[in-house]
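# Tertiary structure, described
One-letter residues, chain by chain:
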Amino acid sequence: MGSHKPRREFLAGMGALAAAASIPEALLSRRERFYPPVDLSHFDTPISPAPFDLHIGYAAIARRGSDRQAIEDIASAGFPGIQIRSNCVQELGNATAWREMLDKHHIKMVSLATGNLSIDPAIESSEIDRQVANAKFLREAGGLYLQIIDERPKGRAITAADYERLGRLLTELGKRTADLGVQLGYHNHMGAMGQTPDGVEQIMAAVDPRYARLELDVAHYFQGGGDPAKAVEKYSDRLLSLHLKDVEPLPGTAGTKESYRLVELGRGSVNLPAVLAALRKINFRGWGIVGLDAVPDKAWSPRESAMINKKYVEEKLGLTV
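Residues take numbers from 1 onward in each chain, read along the sequence in its written order. Where local features are concerned, this predicted model is filtered to residues with pLDDT of at least 70; where side-chain atom pairs are given and counted, the filter is 80 or more; whole-chain, interface and lining totals use all residues. In computing side-chain properties, one takes all heavy atoms of the structure into account and sets aside hydrogens as well as water.

Even without being a glycine, His 106 presents a positive backbone phi close to 55 degrees. Helical segments are the DSSP runs of H or I of at least four residues, strand segments are the runs of E of at least two, and each set is numbered from the N terminus. As for its placement among the helices and strands, His 106 is situated in the loop between helix H5 (95-104) and strand S3 (108-117). Each residue gets one of three labels from its accessible area relative to the maximum for its type: buried under 20%, exposed over 50%, partly exposed in between, using a 1.4 Å probe on protein chains only. The class for His 106 is exposed, based on a relative accessible area of 69%. With a phi angle near 55 degrees, Asn 283 is a residue other than glycine that sits in the positive phi range. Inspection of the secondary structure assignment puts Asn 283 in the loop between helix H11 (272-281) and strand S10 (285-290). With relative accessibility at 27%, the residue Asn 283 sits in the partly exposed group.

Grid points spaced at 1 Å over the protein atoms alone were grouped into cavities, where a 1.4 Å probe fits but cannot get out, and pockets, open sets with protein on both sides within 12 Å along at least five of seven lines, with lining residues defined by an atom within 4 Å of a point. Grid points are joined across faces, edges and corners, and a volume is the space filled by probe spheres set on the points. The space that makes up the second largest pocket amounts to roughly 230 Å³. Considering the residues around the second largest pocket, the lining is formed by 19 residues, among which Ile 61, Gln 83, Ala 113, Gln 147 and Ile 149 are closest to the centre. Counting only elements with at least two residues in the lining of the second largest pocket, the list comes to strand S2 (81-85), S3 and strand S4 (145-150). Looking at the lining of the second largest pocket element by element, the count peaks at four residues for S3. Its residues assigned to classes, the lining of the second largest pocket shows seven nonpolar, nine polar and three charged. In this classification, Asp, Glu, Lys and Arg are treated as charged, Ala, Val, Leu, Ile, Met, Phe, Trp, Tyr, Cys and Pro as nonpolar, and every other residue, Gly included, as polar.

Another aspect to go through is helix H8 (residues 197-206). The complete set of buried residues in H8 reads Gly 199, Val 200, Ile 203, Met 204 and Ala 206. Down the axis of H8, the buried set is contained in an arc of 160 degrees. They therefore lie on one face. Note on contacts: a residue pair qualifies if any of its non-hydrogen atoms lie within 4.5 Å across the two residues. Next to the buried residues of H8 lie S4, helix H7 (160-179), strand S5 (183-187), strand S6 (213-217) and helix H9 (218-223). Picture the helix axis, draw a direction to every C-beta atom, and the arc is the one those directions span.

Another point: the packing of aromatic side chains. In this analysis, rings of Phe, Tyr and Trp, with Trp reduced to its six-membered ring, are considered paired at centre separations within 6.5 Å, and the interplanar angle assigns stacked below 30 degrees, edge-to-face beyond 60, and tilted for intermediate values. Inspection of the entire model under this criterion finds one aromatic pair. Pairing Tyr 58 with Phe 79 gives two aromatic rings, centres 4.9 Å apart and planes at 45 degrees, and the pair type is tilted. Residue Tyr 58 is found in strand S1 (residues 53-59), and its partner Phe 79 is found in the loop between helix H3 (67-76) and S2; the two are separated by 21 residues along the sequence. Here Tyr 58 falls in the buried class, since its relative accessible area comes to 4%. Residue class for Phe 79 comes out buried when judged on its relative accessible area of 2%.

Before going further, it helps to spend a moment on the packing of helix H6 (residues 124-140) against H7. What counts as an axis is a line fitted to C-alpha atoms, over the stretch in contact for a helix, and the angles between N-to-C directions run from 0 to 180 degrees. Between H6 and H7, the shortest axis-to-axis distance is 10 Å and the interhelical angle comes to 40 degrees. Viewed along their axes, H6 and H7 adopt a mutual orientation that is oblique. By crossing handedness, the relation of H6 to H7 is classed as right-handed. Along the contact surface, H6 presents Glu 124, Ile 128, Gln 131, Val 132 and Ala 135, while H7 presents Arg 165, Leu 169, Glu 172, Leu 173, Arg 176 and Thr 177. What sets the label is the angle itself: under 35 degrees gives roughly parallel, over 145 gives roughly antiparallel, 65 to 115 gives roughly perpendicular, and the rest give oblique. Two helices crossing with the near one rotated counterclockwise from the far one by less than a right angle form a left-handed crossing, whereas a clockwise rotation gives a right-handed crossing.

Moving on, we come to the pattern of salt bridges. A pairing counts as a salt bridge when a side-chain nitrogen of Lys or Arg comes within 4 Å of a carboxyl oxygen of Asp or Glu. One pass over the full model with this rule turns up 12 salt bridges. With a closest N to O distance of 3.4 Å, Arg 139 and Glu 140 form a salt bridge. The exposure class assigned to Arg 139 is partly exposed, which follows from its relative accessible area of 34%. In this structure Glu 140 comes out as partly exposed when scored by relative accessible area, which is 40%.

Structure follows, in structure tokens:
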């Protein structure tokens, strides 16, 4: 039940307001102020954007299933961040133990690579549940980003409806991970729906930017026919993080599935200085993950390969790892 002021109190209040309105402005200006005057002139000057700040991490994948050894390798090589694959959930199973291991080596878990996300409606619910479980593990382990690669439909061409469905699925998953304090990143990849620049564009157009952003892999984008430096600028407001990789064609394999291989930075065809210049131009602030699916020269260990990449980052790109 609502309450009402008596008519007498209401009329008295209205009279006070009318009296205040009749007081000359000069007299009001001489009255004591509750707060001192504030200079608001600085609001006329636009705030400068935050400066470029790229943190360099390293992917554990080259260790092929032994992420604990990868942590030791990457930490000893001097990289402050790591991307770990979801197999680590089975390898140790305890997110607290992973956090303690990472803290011991003074290394940050940047992202968790969780494999492919299927757009098959029959398994949508289980796919969401699986990835939410990965996001919970990531959060408890102290990580930042959940990485998603899509799964290309088998035996048929990709349709516009497929891109729309993937966008809706990524958006829904991003809402769930946001509730956990985890950001979702879509990772473009060869063999996926986001293999080509057009595929990436259609997926990003279908995704709600509030819930999923782009984790741009410069090598896969280049191999798919795109210019990664231009992609950095194009998706500047959607860019969550990057995979800084290099790729070379394999002789005599044109048109086949295995027509390329990832190589150490500076040994392939990606114009990495141009990528860095684009990142500086947009004042990117975040993580760039260096890595290889496998060490291309079997005479080298994964750690030796990581040191080659580190040398390129520091000497050729002028960055501090």
